[in-house]
There are 2 protein chains.
Amino acid sequence: METRELRYFVAVAEESHVGRAASRLGMAQPPLSRAIAQLERRLGADLFVRTPQGVTLTRAGETLLREGRAALAAVEAAERRTRRTAAAGGRASVVLTAKAGASSEVMAKLLDAYAAEPGAVDVEVVLSPPGHQAEMLRDGRADVAILHRPFDDTSGFDADTLLVEDQVLILPAGHPESTRASMTVAEATSIPGLPMPRWPRLDGSYPDGPGPELRDLTQVLQLVRLGRAAIVLPDSARDNLRDGLAVVPLSDAPQVTTLIAWPPHSTSPGVAGLVRTATRL
Amino acid sequence: METRELRYFVAVAEESHVGRAASRLGMAQPPLSRAIAQLERRLGADLFVRTPQGVTLTRAGETLLREGRAALAAVEAAERRTRRTAAAGGRASVVLTAKAGASSEVMAKLLDAYAAEPGAVDVEVVLSPPGHQAEMLRDGRADVAILHRPFDDTSGFDADTLLVEDQVLILPAGHPESTRASMTVAEATSIPGLPMPRWPRLDGSYPDGPGPELRDLTQVLQLVRLGRAAIVLPDSARDNLRDGLAVVPLSDAPQVTTLIAWPPHSTSPGVAGLVRTATRL
DNA sequence: CGGCCTCGATACCGCAGCGGTATGACCCCA
DNA sequence: TGGGGTCATACCGCTGCGGTATCGAGGCCG
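The rules behind these values
- Residues numbered from 1 in each chain as written.
- Chains lettered and ligands numbered in written order.
- Predicted model: local features only at pLDDT ≥ 70, side-chain atom pairs only at ≥ 80, totals over all residues.
- Helix = DSSP H or I, 4+ residues; strand = E, 2+ residues; numbered from the N terminus.
- Buried ≥ 20, exposed ≤ 12 C-beta atoms within 10 Å, placed from the backbone.
- Contact = placed C-beta atoms within 7 Å.
- Nonpolar A, V, L, I, M, F, W, Y, C, P; charged D, E, K, R; others polar.
- Least-squares fit on C-alpha atoms with pLDDT ≥ 70 in both.
- Near = placed C-beta within 6 Å.
- Core = buried A, V, L, I, M, F, W, Y, C linked by C-beta atoms within 7 Å.

**Description of the overall build of chain A**
A tally of helices and strands in chain A yields nine helices and 10 strands. Along the first, second and third principal axes, the C-alpha set of chain A runs to 70 × 55 × 30 Å. The proportion of buried residues among the 281 residues of chain A is 36%. Look at the contacts in chain A between residues 6 or more apart in sequence, and 69% of them connect residues 24 or more apart.

Laid out in structure tokens, this is it:
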């Protein structure tokens, strides 16, 4: 099976429509139809059920969609990492990705400690929107990632724990609830007049709800300071707070684990060194 | 990048020789040379250093070999799982792989419990030589595997623990050492006249050493019974022992963990059900 | 119920690019 | 210095990919 065929198949599966998939691929419909038919013949499996409204996946098609996406990501990863290795011009280097505006404390400690190691290679840090770290690791844009359980999906990676912490509620200073010694998550999310902000999902859309739509921690904290929202954050976020904000520990919020994750079988010296340093912290 | 190019590249990298790689691929040398050169041009990276003796990998080439092998395995896995799904003819099914002659106890319990579940799908059990389970999971010949830490490489899979047990030394009944209440690994491996048998590595070759070369647990036990060898096995192996064998607990051997492992993001109903059953055991 | 619209499939054609053979350029070693 | 080895280049034939034109099959609506 060639990656071209796989890309064609995934496009058709995602559009449920050969014509739309063809225009998305920048080609005409007939050759795409033929390519799909040929793929089905070669696999000995019907992948789609043709209907007058378009096409729908068979069971085998669902399998190929799931597995094929992973395979395409792996091929992309191979290509990207090779390009990056070449661009580094013989000298080893490594790309680390982390959520923008989080874990700065642990990350600083890790990077400092690693830089002090003998034989340390260049570490390029790429900050990206929350939730995208795993994807970057999977498709080769990064070699190592700082992830957060239970928010990120760590399946398929090797990982080491860096930090385990409780979560706290951040709310406007002077708010009646701000003097409490502790609170439950249920109480925190139902404070009148202080809705939780909504974060974009992986595809960029927002969940429904009363809170404001935001994509930046600084914006959120500003809004909290203005008395328009409250937010739940890991305990370490206290370090970055300016005036005008109050902190109340949450008694029943799940703990947040900060981990360093890397693709399995990553034998690159940079990744190995970073991970070794991390485990010693 | 097309899988054809990747296969060509991997062949050349493995042979360190364009001509040999070409004949292994069943093609002539010139088109292979050209395909590699073209791949290098498209990636913008030198993959090989040409020498009069053949070719050697550059750093970028090493990256592509490592990542490319994983990518090819993923493509193969997609293809195989799709074929299998189609062959099951709409009805869901799942392939479980395990080391031949081990863990029969837990596996039997697991399969029985799962078969009793409502909506259980067919489970095909494939027994294969030790150490090959992870590979089968990676290239799509199996959907779930029973693995053993620390022997198998579980990286890149999701897994749940089924059983943790100590290891014991199996030696001929009546042997002077067989009456001891406990022993260290160092002592066990240095009993005069009772060498440890050697197992084949993944590539089929045997490590050096004094012990007999064997590939079957039954053969080994027979040899032990004859007073020609001793062997270290997980505690549960006691259940399968016939007469003529003695068991001595080992005080410092690492514990053996039996786990059920599956590829991440495996949404197939069969895998999900098996795993759910396993966690309840 | 018939005409129309929207699907995907088929037929046919031109050309890009893959693989083959023949040959060249270079290096090592006798 | 020539012979045998390496990989690269030159050139050719044909497979097969993608393009346009068209068809056949279902829904939908007047």
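**Details of the interface of chain A and chain B**
Between chain A and chain B, the residue contacts involve 33 residues of the former and 33 residues of the latter. Mapped onto the side of chain A that touches chain B, the elements with two or more residues apiece are α1 (3-15) and α4 (59-87) of chain A. The biggest single contributor to the side of chain A that touches chain B is α4(A), with 19 residues. Taken together, the residues of the side of chain A that touches chain B sort by class into 13 nonpolar, 11 polar and nine charged.

**So, the relation of the copies chain A and chain B**
Structural alignment of chain A on chain B gives an RMSD of 0.1 Å, achieved by rotating through 180° and translating 0.0 Å along the axis. Overall, the copies show the geometry of a two-fold rotation axis. In terms of proximity to the rotation axis, the leading residue of chain A is Gly156(A), whose C-alpha is 2.1 Å off the axis. Of the interface residues in chain A, 100% have counterparts in chain B that sit at the interface too, so the contact is made through matching surfaces.

**Structural notes on the protein's contact with DNA strand D**
For DNA strand D, the set of nearby residues contains 18 residues, the closest of which are Met27(A), Ala28(A), Pro30(A), Pro30(B) and Ser33(B). Secondary structure elements with two or more residues in the surface near DNA strand D: α3 (29-43) of chain A together with α2 (18-24), α3 (29-43) and β2 (54-57) of chain B.

**Some remarks on the environment of Met196(A)**
Residues and elements named next belong to chain A. Tracing the backbone shows Met196 in the loop between α7 (185-189) and α8 (217-225). You can call Met196 partly exposed: it has 19 C-beta atoms within 10 Å. Along the sequence, Met196 and Ala87 sit 109 residues apart, while their C-alpha atoms lie 44 Å from each other. Filtering out sequence-adjacent residues up to four positions away, Met196 remains in contact with Thr189, Gly211, Ala229, Ala230 and Ile231.

**Here we look at the nonpolar core**
In terms of nonpolar packing, the biggest core is built from 56 residues, with Ala71(A) and Val12(B) touching the most fellow members. Broken down by secondary-structure element, the contributors of at least two residues to this core are α1, α2 (18-24), α3 and α4 of chain A together with α1 (3-15), α2, α3 and α4 (59-87) of chain B. Among the elements that make up this core, the one with the highest residue count is α4(A) (11 residues). The residues contacting Ala71(A), other than those within four sequence positions of it, are Leu6(A), Ala71(B), Ala74(B), Val75(B) and Ala78(B).

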